[in-house]
Amino acid sequence: MASAPSKHYTDDISLLVVTLDTNPFFWSTFSFHFSDFLSQVLAFLNSILLLGQLNQVVVIATGCNSCSYIYDSSSNRNHASTNGTMPALYSNLLHNLDEFAAKDHQFTTDHKPPTVPSSLLSGALSMALCYIQRAFRAGPMHPQPRILCLHGSTDGPEQYVAIMNAIFSAQHSSVPVDSCYIGSNNSAFLQQASYITGGIYYRPPQLEGLFQYLSTVFATDLHSREYLRLPKSLGVDFRASCFCHKQTIDMGYVCSVCLSIFCEHHDKCSTSLYLARLNLMLPQQTVGKERLLNVSGFITLILSCSQESLSVKSLLISSIYVS
Amino acid sequence: MNNIAGRPLNGDVEDDDEDEANDDGLEAWERAYTEDRSWESLQEDESGLLRPIDTTAVHHAQYRRRLRALASNAATARIQKGLIRYLYIVVDLSKAASERDFRPSRMAVIAKQVESFIREFFDQNPLSHVGLVTTKDGVANCLTDLGGSPESHIKALMGKLECSGDASLQNALELVHSNLNQIPSYGHREVLILYSALSTCDPGDIMETIQKCKKSKIRCSVIGLAAEMFICKHLCQETGGTYSVALDESHFKELILEHSPPPPAIAEYATANLIKMGFPQRAAEGSVAICTCHEEAKTGGGYTCPRCKVRVCELPTECRICGLTLISSPHLARSYHHLFPIVPFAEISPSSQNDPSHNFTNTCFGCQQSLLSQGNKPELSVSCPKCKQQFCLDCDIYIHESLHNCPGCESFRHSKSVTSSQ
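Criteria and thresholds
- Residues numbered from 1 in each chain as written.
- Chains lettered and ligands numbered in written order.
- Predicted model: local features only at pLDDT ≥ 70, side-chain atom pairs only at ≥ 80, totals over all residues.
- Helix = DSSP H or I, 4+ residues; strand = E, 2+ residues; numbered from the N terminus.
- Buried ≥ 20, exposed ≤ 12 C-beta atoms within 10 Å, placed from the backbone.
- Contact = placed C-beta atoms within 7 Å.
- Axes fitted to C-alpha atoms, helices over the stretch in contact; angles between N-to-C directions.
- Parallel < 35°, antiparallel > 145°, perpendicular 65-115°, else oblique.
- Left-handed = near helix turned anticlockwise from the far one by under 90°.
- Nonpolar A, V, L, I, M, F, W, Y, C, P; charged D, E, K, R; others polar.
- Pairing = 2+ DSSP bridges.
- Expected span 1.5 Å × (residues − 1).
- Domains from an automatic or database assignment.
- Core = buried A, V, L, I, M, F, W, Y, C linked by C-beta atoms within 7 Å.
- Arc of directions from axis to C-beta.

### Section: the overall build of chain A
- A count of helices and strands for chain A gives 11 helices and 8 strands.
- Counting all 323 residues of chain A, 44% fall into the buried class.

### Topic: the overall build of chain B
- The number of helices and strands found in chain B is 14 helices and 19 strands.
- Residues classed as buried in chain B amount to 37% of the 422 residues present.
- Considering only contacts in chain B between residues 6 or more positions apart, those separated by 24 or more positions represent 62%.

### Description of the packing of helix H2 (residues 34–51) of chain A against helix H7 (residues 210–218) of chain A
All names here are of chain A.
- Axis separation between H2 and H7 bottoms out at 9 Å; the angle between their running directions is 30 degrees. One element, H2, and the other, H7, form an angle in the roughly parallel class. In terms of crossing hand, the pair formed by H2 and H7 is right-handed. Residues Phe 37, Gln 40, Ala 43, Phe 44 and Ser 47 of H2 pack against Leu 210, Phe 211, Leu 214 and Ser 215 of H7.
- Looking at the contact of H2 with H7, its residues break down into 6 nonpolar, 3 polar and no charged.

### Observations concerning the pairing of strand E9 (residues 274–278) of chain B
- Where strand E7 (residues 251–255) of chain A lies against E9 of chain B, 5 bridges are found, and the strand directions are antiparallel. Bridged to Cys 255 of chain A within E9 of chain B is Leu 274 of chain B.
- Two strands pair when backbone bridges link them, and E9 of chain B and strand E16 (residues 325–326) of chain B are joined in this way by 2 bridges, in the parallel orientation. By the bridge assignment for E16 of chain B, Gly 278 of chain B is matched with Leu 326 of chain B.

### A closer look at the pairing of strand E2 (residues 56–62) of chain A
All names here are of chain A.
- In terms of residue burial, E2 counts as a mostly covered element, since 7 of its 7 residues are buried.
- Taking every second residue as pointing to the same face, both faces of E2 are buried, with Gln 56, Val 58, Ile 60 and Thr 62 on one and Val 57, Val 59 and Ala 61 on the other.
- Relative to E2, strand E1 (residues 14–21) runs parallel, the two sharing 7 bridges. Bridge pairing in E2 links Val 17 to Val 58.
- Note: E2 against strand E3 (residues 67–72), 5 bridges, orientation antiparallel. Among the inter-strand pairings, Thr 62 is bridged to a residue of E3, identified as Cys 67.
- The hairpin formed by E2 and E3 contains 4 residues between the paired strands.

### Brief notes about helix H5 (residues 106–124) of chain B
- When the terminal C-alpha atoms of H5 of chain B are compared, their 26 Å separation across 19 residues agrees well with the 27 Å that a helix rising 1.5 Å per residue should span.
- Buried residues along H5 of chain B sit in contact with strand E3 (85–92), strand E4 (129–136), helix H6 (150–158), strand E6 (188–195) and helix H10 (249–257) of chain B.

### So, the sheet that holds E9 of chain B
- The 5 strands lie next to each other as E8(A)-E7(A)-E9(B)-E16(B)-E15(B), forming an open sheet whose pairing is mixed. This sheet does not close on itself; its edge strands, each paired only once, are strand E8 (261–262) of chain A together with strand E15 (317–318) of chain B.

### Notes on the domain arrangement of chain B
Residue and element names in this part refer to chain B.
- Its domain assignment divides chain B into domain 1 (79–269), domain 2 (277–339) and domain 3 (346–413).
- Of note, the centres of domain 1 and domain 2, computed from C-alpha atoms alone, are 29 Å apart.
- Of the residues contributing to the side of domain 1 that touches domain 2, the split by class is 6 nonpolar, 1 polar and 1 charged.

### Topic: the sheet that holds strand E13 (residues 303–304) of chain B
Residue and element names in this part refer to chain B.
- Strand order in the open sheet formed by 3 strands is E10-E13-E14, and the pairing between neighbours is antiparallel. Both outer strands of the open sheet, strand E10 (281–282) and strand E14 (311–312), are each paired with one neighbouring strand and no more.
- In this structure, E13 lies alongside E14, joined through 2 bridges in antiparallel fashion. Bridging from a neighbouring strand, Thr 304 pairs with Arg 311 of E14.

### Remarks on the nonpolar core
- Counting residues in each nonpolar core, the largest one holds 111 residues, and the members touching the most others are Val 17, Val 59, Ile 60 and Ala 128 of chain A.
- The biggest single contributor to this core is helix H4 (residues 121–137) of chain A, with 10 residues.
- Residues Met 107, Leu 169, Ala 172 and Leu 180 of chain B belong to the second largest nonpolar core, which totals 48 residues.

### As for the environment of Cys 180 of chain A
Residues and elements named next belong to chain A.
- By the secondary structure assignment, Cys 180 is in strand E5 (residues 177–181).
- On the basis of neighbour count, Cys 180 is assigned to the buried category, with 24 C-beta atoms found within 10 Å.
- Separated by 28 residues in sequence, Cys 180 and Glu 208 have C-alpha atoms that sit 14 Å apart.
- For Cys 180, the residues in contact, after removing those within four places along its chain, are Leu 148, Leu 150, Tyr 202, Pro 204, Leu 214 and Phe 218.

### Overview of helix H9 (residues 230–239) of chain B
Residue and element names in this part refer to chain B.
- For H9, the full list of buried residues reads Cys 232, Leu 235 and Thr 239. One side of H9 carries all its buried residues, which in axial view fall inside an arc of 60 degrees.
- Buried residues in H9 make contact with E6, helix H8 (206–215), strand E7 (219–224) and strand E8 (243–245).
- Among the residues trailing H9, Gly 240 stands out with phi positive, at a value near 85 degrees.

Here it is, written out as structure tokens:
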């Protein structure tokens, strides 16, 4: 990286951080094959690198149990395969992807989950943002960063707060989050991410021509986007759903202390009330394990399972454990 | 020409021999820089570019201190934070504010920092309200009423930057007190006073006013620009605020930004109130309506109040017609990180990394930067106590100050499920 300052960056040089959904549970149930998907994505990544000598591509694999960097075009450890049949991009990426998939599989618990688990989008976004901050730190001359999420698995409600945090951080440092969602229903998380950060959300209608979609919609750098007619985001529904009946509501009651949302008026906010009681009930040092189990069961009963409440619940529980 | 020999660096002094007699031989433009010594904060890197001196270690130490202070606060008042704040900023525009010890003047520095503070404040507290009060000529004036739009406050302040007369602490407090007394009880009442003067010109007994503020649970904080004053310290102690005196502009900025994250909730208010709020839907793109905020017809965009069906342009806001607070779910989500902060990371000193029990990785988990300095010696790094991943100092600051997620914890479901099913 010693030669970095001497590079002459202009406004059309991109740093593209791609998060790649490798969730095996999703791909095994999906009609389109992962290998077909990957070959189109690799061609796309190669075309990004060919668009400009200084363009940089980083790929983060997003599994269902872990996330990892699998390719960095600026790294000096990229070498073409020994027999010369494959270019550096493919051989390195595929090699790392294999390693990652094997590792991700190890984390999988023995019992098969009842539903398709979500990918760890929050982790991948957090890592991507950390990487981009490093590019910002390199000085005033840096490539224009953006994030592209290639995802197919469904949203994991337990990641809601973490993903929102990442989105706001991206917005704060003006990093657009583009998303290409290939699953069957729209992803609310990615729609929000692209809407808030000013990126593009697109769901290709036909996956056979994925490369075409990727190269026409997502290959353009931020500077050129001003001159193009790219898919416009349709309005995202930002209405909240209440914690008690998980209905989407127009008007509701918000707790002033914990910001829980309820659709009807109560005298006291149940979430805050139980937290306050927990604070009194459990002196911090003398928390016993059995007692904690009871407590978490207690909270689980109290809170119903709307999208927001799930995440808040898991956080509440984890915050109790931390103390 | 003797003095040329004495100062060989100054080659062309022939013309200004007369000027050199006064002001230690400095040109007027030179004098402006002698106090700043701005060149001292620059250094040359290997390719000859000028860069600011590497102060990461110092910054990081400062940041750790701040984090520890916050963590100890959070331990005593866990989770309970005042998220709906009503804050008055009192700006002292007495003649002391025209002093030039801050450059170009105290007043200009205050205005600049208040601007950035207001933006940061609304970023962190989307459900809160700010009002501006100025004090000069012995009286206090309300510049803007409590409101949620940063632009209107900034515009009002920039238009009123003239200073004269004396500051009056008591008048300012009385005015703020009468305004804050009307707000509903769930809101957290706060005053932030930016005080340049070393005196206060009061019509009555200020101690009574302080007691009144204490009784109304108004949290008063003061940032002084001159020297510490007893009355300010007393005010802050009585009402539970903080008092600090700025040393220079960067210190002032730091002090003022400390007031942007929500303070721990006052115990009496910790009982939660439920507030009625509306979640308006975005109006269809083609529809034409007159918005209440600008009172002009607009096509598309905008939101419709669910109660009185009137159009507003931006969220969050309060409906002008029915007074309903209008927000969207991301505004709530923006505040969640205050309730669930991530734990401070533990420092790993370079020496303990040789210890084989530690599995030391050579790169930062977040940004993949090498954690080895020149000569392959490990540098100072930190690790998350939960997921045990290592991070560089820059990522540590970014994660805690902006991201509010631990990339390590977020990218391992295993560690997550273990913590929540123990």
